[in-house]
Amino acid sequence: MPSSPAASDARAELAAVVVTHESGAVIESCLDALLAAAPRRRLECWVVDNARADDGPARAEARLGARHVIRRPENRGFAAGVNVVLRAAQTPWLALVNPDLVLAPCALDALVDVLEAEPRTALVTPRVLGEGGRPEASAGYFPSLRGEWNHALLLDRLFGCRGRRLVPPDGTCTVEWASGSCWVLRRAAAGTRGRRLR
């Protein structure tokens with residue numbers, strides 16, 4: 001039951017971090033999908049548990065082994081959990097995944113492919129599907145007078161005018177914010193060793 005990460009696998013290309021708290025009911029489906037999300041890359045998965053009171057860490061250990069499950073004695077939040085692994089990971093790509101997310105097969109490979117093809121892009125996120133497979137408005141633009149006007153008059157929803165949120169299309173598009181349910185980012189964009197997410 002480590003409270004800090006063991007040495008990172010130097011051969012890994014992509015490190016995936018799932019920060020949990022009371023996530024026992026969803027962690028197995030998350031990890032099963034995560035392990036199938038990057039078949040073309042060497043994937044290293046970590047679960048950082050924030051002061052659990054359920055069996056989530058034990059379920060995660062059954063999937064990943066105790067070496068890759070970090071049990072924190074107190075809940076210091078998502079960013080603190082990510083930073084535990086960020087300091088140890090040596091991979092060029094980092095995936096931050098919510099425990100209630102079930103990734104599609106090969107999803108992380110596709111997201112890293114985008115980063116490799118777009119060297120000025122620091123972060124990508126997948127299209128998020130909700131109940132019944134409907135796309136969710138999981139990305140969007142910073143507030144502006146025109147955007148708020150379009151949103152208030154439903155022009156963004158009815159006619160696709162730029163508003164607050166957008167349902168990302170199939171393929172790629174540029175946005176100013178994205179849901180934190182899953183991010184894949186370039187390691188260099190996260191800073192040098194010792195820098196932290198906030």
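Residues numbered from 1 in each chain as written. Predicted model: local features only at pLDDT ≥ 70, side-chain atom pairs only at ≥ 80, totals over all residues. Heavy atoms only, no water.

J.: Account for the nonpolar core, with residues named and values stated.
T.: Counting 27 residues, the largest nonpolar core has L34, V97, L103 and L108 as its most contacted members. Elements represented by at least two residues in this core include exactly β1 (14-20), α1 (27-35), β2 (43-50), α2 (56-64), β4 (93-97), α4 (107-117) and β9 (182-186). Top element by residues in this core is α4. It accounts for 5 residues. If you look at the next biggest cluster of nonpolar residues, it comprises 15 residues, including A15, W46, I70 and A190. (Core = buried A, V, L, I, M, F, W, Y, C linked by side-chain atoms within 4.5 Å. Buried < 20%, exposed > 50% of the residue type's maximum accessible area, 1.4 Å probe, protein only. Helix = DSSP H or I, 4+ residues; strand = E, 2+ residues; numbered from the N terminus.)

J.: How would you explain the sheet that holds strand β6 (residues 139-140) if you had to name every residue and give the values?
T.: With antiparallel pairing, the 3 strands of this open sheet are ordered in space as β7-β6-β8. Of all the strands in the sheet, the pair left with one neighbour each is β7 (165-166) and β8 (177-178). (Pairing = 2+ DSSP bridges.)

J.: Quick one: what's the story with the pattern of salt bridges, residue by residue and with numbers?
T.: Enumeration over the complete set of coordinates arrives at 11 salt bridges. The salt bridge involving E61 is made with R71; its shortest N-O contact spans 3.1 Å. With E61 in helix α2 and R71 in strand β3 (residues 69-72), this residue pair connects regions lying 10 residues apart in the sequence. Overall, the relative accessible area of 16% leaves R71 in the buried class. Through salt bridges that share partners, E28, D32, D55, R59 and R63 make up one connected network. (Salt bridge = Lys/Arg side-chain N within 4 Å of Asp/Glu carboxyl O.)

J.: So what's going on with unusual backbone geometry? Which residues, and what values?
T.: At E22, a position not held by glycine, the phi torsion is positive, near 55°. On the accessibility criterion, E22 (38% relative accessible area) is partly exposed. Even without being glycine, C106 reaches a positive phi, approximately 70°. Residue position: C106 is located in the loop between β4 and α4. For C106, a relative accessible area of 38% gives the class partly exposed.

J.: Explain the environment of P57 to me, using residue names and the numbers behind them.
T.: Tracing the sequence through the fold places P57 in helix α2. You can call P57 buried: its relative accessible area is 1%.

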